[in-house]
Amino acid sequence: MAIIELKQVSKLFGSSPHHAAKLLDEGWTKERLAKEKQLVLAVNRVDLQIGEGEIFVIMGLSGSGKSTLVRMLNRLIEPTSGDITVRDKSIMHMNPQELREVRRKTIGMVFQKFALLPHRTVLSNVEFGLEIQGMPTKERKEKAEKALKLVGLDNWADKMPDELSGGMQQRVGLARALASEPDVLLMDEAFSALDPLIRRSMQDELLELQMKMKKTIVFITHDLDEALRIGDKIALMRDGSVVQVGTPEEIMIHPANEYVERFVEEADLSKVLTAEHVMRRPETIGPDRGPRVALQLMRERGISNLFVVDRDKTLLGVISAEDAVEAIQSNKTIADVVNREAPQVSPQTILNDLFEICGTSKFPVAVVNDSSRLMGVIVRGAVLGALAGQLPRKEVTAGVAESTS
């Protein structure tokens, strides 16, 4: 369900932009508007639906309109035309008091600049927004302490901002936004001022926080790797227009046009594709079947292992040809010799995390769901090929179709 929806939202900067908005429908380009009307087209008729509880990344190069777009979601920048609804209520027709309530309680914002007050403690900085709202001292302190604990800084409440690292200061900024318990968090280039190691750590912390909070997060970035790493959905912008919206996999595997294809061509597929993209149909056998049957099935199918599953397809382990021979010689059953230490991963495990597992295991890797039901298997060559960049995108696409059919 969409918590935020944009319909034909545009923003033009210059004199009399509202009168010029209709020119967009007549086909006027950004260049023509600039030349003949001295107007800057920042956002061009954007339609978007942002689902509740997802991390929605808006990305693009500098000047693409992404920061202008995110500031229109709470009307820090006034849209020139179009409509924006939050929980089915249009913010375009809200009076100043209603809009302040939305900004205080529904939509929080975390900026690239930490903007911490140097003369206030960490706790006091987190309380600041609640203080401005007129919240009683005891209540705002409790909320601020709760927010600091959420971001792992509860032991730093009495410190001053200059005693914290850059990453810790950004977490204070995040806690300040969380203290008002908003439904939506807008994060505009929130991690771009941090060095690469701290930035990656903050991305990890954001993902961990999201597992607890289940907030709707609109995250602005110009960094493709960051977008691919944290985004549930990505909207890619160019010259004020959204050129493609999709999951990281869809953006990478099915670029909408040549621009998107060029944009993502240097990205590492192994950090985007997951186990379910390269898994194959598993060859299985039940624990009540005999080891001679297992050997015969391996010969017929040209394989050296079978995965052992019960009637509900719950994975019990794996049996190799050597195990089957041993069972025959020792008059044992498959259940007696099944190897229960075979590696298992979830369908969402990225290929980059499978490299070491596949490289060190003598068995194919089992892909199982949360109920330990066997979904598929991964052989070493598929992962190595993807990591080495040997799989062209059309070949990966075919693999995705095959694994999901």
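Residues numbered from 1 in each chain as written. Predicted model: local features only at pLDDT ≥ 70, side-chain atom pairs only at ≥ 80, totals over all residues. Heavy atoms only, no water.

Overview of unusual backbone geometry
Of note, arginine 87 is a non-glycine position whose phi angle comes to about 50 degrees, a positive value. When you line up the elements, arginine 87 lands in the loop between strand 4 (81-86) and strand 5 (89-90). Here glutamate 181, not a glycine, exhibits a phi torsion of approximately 55 degrees, which is positive. Owing to a relative accessible area of 36%, glutamate 181 belongs among the partly exposed residues under this scheme. (Helix = DSSP H or I, 4+ residues; strand = E, 2+ residues; numbered from the N terminus. Buried < 20%, exposed > 50% of the residue type's maximum accessible area, 1.4 Å probe, protein only.)

Concerning empty space enclosed by the protein
Summed over the entire model, instances satisfying the criterion amount to 1 cavity of 30 Å³ or more. Approximately 30 Å³ is the volume attributed to the largest cavity. What lines the largest cavity is simply Val151, Arg171, Leu174, Met202, Glu205, Leu206 and Leu209. Of all the secondary structure elements, the ones that give two or more residues to the lining of the largest cavity are helix 8 (166-179) and helix 9 (196-213). The element best represented in the lining of the largest cavity is helix 9, accounting for 4 residues. (1 Å grid on protein atoms, 1.4 Å probe; cavity = no way out; pocket = protein on both sides within 12 Å on 5 of 7 lines; lining within 4 Å. Points joined across faces, edges and corners; volume = space filled by probe spheres on them.)

As for the packing of aromatic side chains
Any aromatic ring pair is given by two values, namely how distant the centres are and how the planes are angled relative to each other. This structure, assessed with the given rule, holds 2 aromatic pairs. The ring of phenylalanine 13 is capped by lysine 11, whose NZ or CZ atom sits 5.0 Å from the centre of that ring. The lysine or arginine in question, arginine 32, covers the ring of tryptophan 28, its NZ or CZ lying 3.7 Å from the ring centre. (Phe/Tyr/Trp six-rings, centres within 6.5 Å; stacked < 30°, edge-to-face > 60°. Lys NZ or Arg CZ within 6 Å of the ring centre and 35° of its normal.)

Overview of the pairing of strand 9 (residues 233-238)
In this structure, strand 3 (residues 55-59) lies alongside strand 9, joined through 4 bridges in parallel fashion. What sits directly across from phenylalanine 56, in strand 9, is lysine 233. Summarising the sheet, strand 9 and strand 10 (residues 241-246) pair through 5 bridges and their orientation is antiparallel. Looking across to strand 10, one finds that alanine 235 is bridged to valine 245. (Pairing = 2+ DSSP bridges.)

So, the UniProt feature "domain: CBS" (unreviewed entry) in the protein chain
Under the local residue numbering, the UniProt record ascribes the feature "domain: CBS" (unreviewed entry) to residues 278-334. A distance of 28 Å separates the end C-alpha atoms of residues 278-334, which is 40% helix and 23% strand. (UniProt positions renumbered as here; feature names shortened; annotations may be inferred.)

Quick word on the layout of surface pockets
When its volume is computed, the largest pocket comes out at roughly 1100 Å³. Lining of the largest pocket is provided by 32 residues; of these, Leu207, Leu228, Arg229, Ile230 and Ile350 occupy positions nearest its centre. If you tally residues by element for the lining of the largest pocket, the top one is helix 9, at 8 residues. Classifying every residue of the lining of the largest pocket by side-chain character gives 9 nonpolar, 9 polar and 14 charged. By volume, the second largest pocket is sized at about 670 Å³. Taken together, 26 residues form the lining of the second largest pocket, with Arg103, Gly108, Met109, Phe111 and Gly129 sitting closest to its centre. Those elements giving two or more residues to the lining of the second largest pocket turn out to be helix 5 (96-106), strand 6 (107-110), helix 6 (122-132) and helix 8. Across the lining of the second largest pocket, the residue classes tally to 14 nonpolar, 7 polar and 5 charged. (Nonpolar A, V, L, I, M, F, W, Y, C, P; charged D, E, K, R; others polar.)

Some remarks on the sheet that holds strand 11 (residues 284-285)
Strand order in the open sheet formed by 3 strands is 11-12-13, with mixed pairing between adjacent strands. Every other strand in the sheet has two partners, leaving strand 11 and strand 13 (315-320) as the edge strands with one partner each. Both strand 11 and strand 12 (residues 305-309) contribute to a ladder of 2 bridges, which runs parallel. The residue of strand 12 that forms the bridge with threonine 284 is phenylalanine 307. Relative to the sheet, helix 14 (residues 291-301) contacts strand 11, strand 12 and strand 13, its axis offset from that of strand 12 by approximately 130 degrees. (Contact = heavy atoms within 4.5 Å. Axes fitted to C-alpha atoms, helices over the stretch in contact; angles between N-to-C directions.)

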